[in-house]
Amino acid sequence: MMSCPNLNALVWQHLFRNARRLPFVWKSGRSIVPNGNSFSTETKEIVIPNYIPRGPTDILEALASTVKRDPTAPHFKFHDDPYLIPASNHAKRTYALAQEAGRKAANWIKHEHAELFQHRNAEPFIQAFAPAEKLTETTPITEDLLKKYIHTAQVANAIHVYGKLDSAAISPETRQSFLEFVAFYNEDDQLNQDFVEERWFKSGMKGKDQIRQTWKNNGLAEAVFNSMERKTPEAYCALICGMAKHGKAVGAWEYYNQMLAEGFAPNLTTYNSIFKIAGIVREDAEHQIRLIDETLRNMVHAGIKPNVRTLNSILESISRIPIYRVAREKSLQVLSDFKSIGVKPSLGSYYFLLKIFCREKGPINNILVGIVNRLEYEMPPLQDLHDVAFFAEAMRVCNYHLEDVQLAKRLHDLLCLPQNQALIGDSYKESIYYRCFLLLLTRAEGPEALMEMYRHLVPNIYTPEQSVFEAVVKSVAECSAVHYVPELWSDAVYMDMGERESILEVLLEALASGSGPDSNTVSDKDDVDPVLATARAITAHVDNFLQVAEEKNRPTPLRWTGSMLGNLAKLFLQYGDVASANAIIIKVHTLKNQLSSFFPVATLNKFYESCIERQDSAMALMAIDYAVEMGYDESSSMAKQAREQLKLDERQQEKLNSILGSTSTTSEES
């Protein structure tokens, strides 16, 4: 058997012999290319590209950019099942929170029965996946345990351990960390970061950006600060920032002045907090500006360079100045000063500028046009909490202040960019944005463009509020685009709006605004016109809803009204559906004492004329009877016309005489 050294020698000989037959061989960066019986050398420069730093998620982001959002599909957080896809705002909220409640229940079980979940589902082990350790009577209380709870943001456990420890045994560094911890969280456990739905809806319930005082007066944070024998600048900064964050503006201002009196210099975060509360501790505009200028001078003397959050805090205080001219001039001055030191505004800065320049009862200002021009050229990164409020405020300005639909479309195109979709904000801001956008489209766009955007947004991206849906229907009706109404009725039922009286009113009014059958919409004579089918469907839907409510003895705000029945009768007459029109008049006659509005006299006259043409004496007398009871002036002329043009039997003649007698009696009494 051949030894390994001999085998290696044969391999090298084979490689050397075959190397001369290769078309080229790389050698020291030069290629040797055979050319007939001779060899020529050709130098090729190898260009090594510059190193591009990559983040840990860059590949995932590149893959995600290839998948576009499908507006016809529900949000990924909902089950892809026709019976589990919510359409109304209430259903979306309920489904999302119910699914998250299941995760919360599983999380509770994991922590309550930690002994059952000792497996390691990640390697290296991720501590966040492990059940939280419980505090028991046998748990050793140490400073390291306190540090651990501070590091993992377990507020209640950290407070418990701090109370058990000897105050003198806690190091100054740990005490300072604990003070910053309780001041930031205000002694309350925060909602788990994993529960995004509850956090999202909870933030939306807060509504407008208002500073509410939630600071615990004489709480643990102040007790820890007072227990310090030597007050450090860091301790002052932690307490001031905590008070300012949780709405204790007066207390933060007092500690700030006390800090300056002690000769301590605040840090940048503390200065930003003071700027934020300047409009609260100083109510007069002149004093607010003086306070801002004085604080800026203090920063310059301390050698602290402001950042974009400083700019946003100052603009936030300026936005509370009620005098438009003063607020505008000061904001422009601040922007110029910060630009000179290289601080660029963020989306939050633009948000406060819109609040300053585009006030509800102020003069019209086109500052948003310049902002959108700048954003189309360069979109600033997310740097401040108020950045997510910009798009909602900008769309509100487009709708109510400028009424500029083209600017609104440019703004929407910016939001639809993949990197900007997270800037829509919470549920409250999202509803404001889409509500203002659709309302503006209903006033400024034709039915085709309106319905194109409507179909793109509704119902998976946005479920319109009742007022917005009514505005869409009215806009379609004003343009005589009745062919869109069947689709809107279908959406109303799908979004649980089919039992709302005002929605039914505008839908039926839109249906009746048409001119009659359209030959282009019905290709076969046996097919039913979509508009007529929608009217029948609405009638059956309301009748069935009222019947079920009556059988179950359930109170309901939905009732037939005279205008609803009038629009239905008008539409049925337009389409020649005599049977349905008769059924409506019978319903009017039956519910005449329960209707909240009168049946339109014009529609009643049109129906009466139809009865004369058809020689339908019974229905004509029913129409006359309703006109008499409602006191219409046309009742006497209708009765006389019936006597002259209708073939009445003896019983019908007696009924007509009684109607004529009642009308004459009524006229004599008047």
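Calculation notes
- Sequence order as written defines residue numbering, which begins from 1 separately in each chain.
- Given that the model is predicted, a residue must reach a pLDDT of at least 70 before its local features are reported, and side-chain atom pairs must reach 80 or more before they are shown or counted; all residues, however, enter totals for whole chains, interfaces and linings.
- Excluded from the side-chain calculation are hydrogens and water; included are all heavy atoms of the structure.
- UniProt positions are given in the numbering used here, feature names are shortened, and annotations may be inferred rather than shown by experiment.
- A patch consists of residues whose relative accessible area exceeds 30% and which take part in no salt bridge; residues with like charges are grouped when within 9 Å of each other, and nonpolar side chains (Val, Leu, Ile, Met, Phe, Trp, Tyr) when within 5 Å.
- Methods summary: accessible areas were calculated by the Shrake-Rupley approach with a probe of 1.4 Å, and residue burial reflects only the protein chains presented.
- The salt bridge criterion pairs a side-chain nitrogen of Lys or Arg with a carboxyl oxygen of Asp or Glu, the two atoms within 4 Å.
- Only protein chains enter the area calculation, which uses a 1.4 Å probe; residues under 20% of their type maximum are buried, those over 50% are exposed, and those in between are partly exposed.
- For every residue, the predictor assigns a confidence score, pLDDT, that lies between 0 and 100.
- The numbering of helices and of strands both runs from the N terminus, where a helix is a DSSP run of H or I of at least 4 residues and a strand a run of E of at least 2.
- Any two residues whose heavy atoms approach within 4.5 Å are treated as being in contact.
- Working definition of a nonpolar core: buried Ala, Val, Leu, Ile, Met, Phe, Trp, Tyr and Cys residues. They are joined through side-chain atoms within 4.5 Å.
- To be clear, the arc concerns the directions from the helix axis to the C-beta atoms.

Going by an unreviewed UniProt entry, the chain carries the name Small ribosomal subunit protein mS39 and comes from Daphnia magna. Database annotation for the chain, UniProt heading Sequence similarities (unreviewed entry): "Belongs to the mitochondrion-specific ribosomal protein mS39 family." According to its UniProt record, the chain has this under Subcellular location (unreviewed entry): "Mitochondrion".

Quick look at a nonpolar patch on the surface now. A grouping of Ile 59, Leu 60 and Leu 63 is seen on the molecular surface, where their side chains present a nonpolar patch of about 350 Å² in accessible area. For Leu 60, a relative accessible area of 57% gives the class exposed.

We now examine the confidence of the model for the chain. For the chain, the average pLDDT comes to 85, and 89% of its residues sit at 70 or higher. Of all the helices and strands in the chain, strand β1 (residues 25-27) carries the lowest mean pLDDT, 41, while helix α16 (residues 347-357) carries the highest, 96. Every residue in residues 19-39 is under pLDDT 50, and counting partners more than four places away or in other chains gives 25 contacts. Ignoring residues within four places in sequence, the model shows residues 665-670, a span with pLDDT below 50, making zero contacts including any to other chains.

This paragraph deals with the nonpolar core. Core analysis: the largest hydrophobic core is formed by 174 residues, its most contacted members being Leu 368 and Phe 390. In this structure, Phe 390 is in contact with Leu 347, Tyr 350, Tyr 351, Leu 354, Leu 368, Ile 371, Leu 375 and Leu 411, ignoring residues within four places of it in sequence.

Now for helix α30 (residues 635-645). Within α30, the full set of buried residues consists of Ser 635, Met 638, Ala 639 and Ala 642. End-on, the buried residues of α30 take up no more than an arc of 100 degrees, which puts them together on one face. Opposite the buried face of α30, at more than 90 degrees from it, the exposed residues are Lys 640 and Glu 644.

UniProt records the feature "repeat: PPR" (unreviewed entry) at residues 232-266, using the numbering of this structure. Taken as a whole, residues 232-266 contains 74% helix and 0% strand, while its terminal C-alpha atoms sit 11 Å from one another.

Moving on: unusual backbone geometry. The omega angle of the peptide bond from Val 458 to Pro 459 is 0 degrees, so this bond is cis rather than trans. A positive phi angle, close to 60 degrees, is found at Ala 153, a residue other than glycine. Tracing the chain through its elements places Ala 153 in the loop between α4 (143-151) and α5 (155-164). We note that Asp 496 has phi near 60 degrees; this positive angle belongs to a residue other than glycine. Following the sequence through the fold, Asp 496 ends up in the loop between α23 (485-494) and α24 (501-512).

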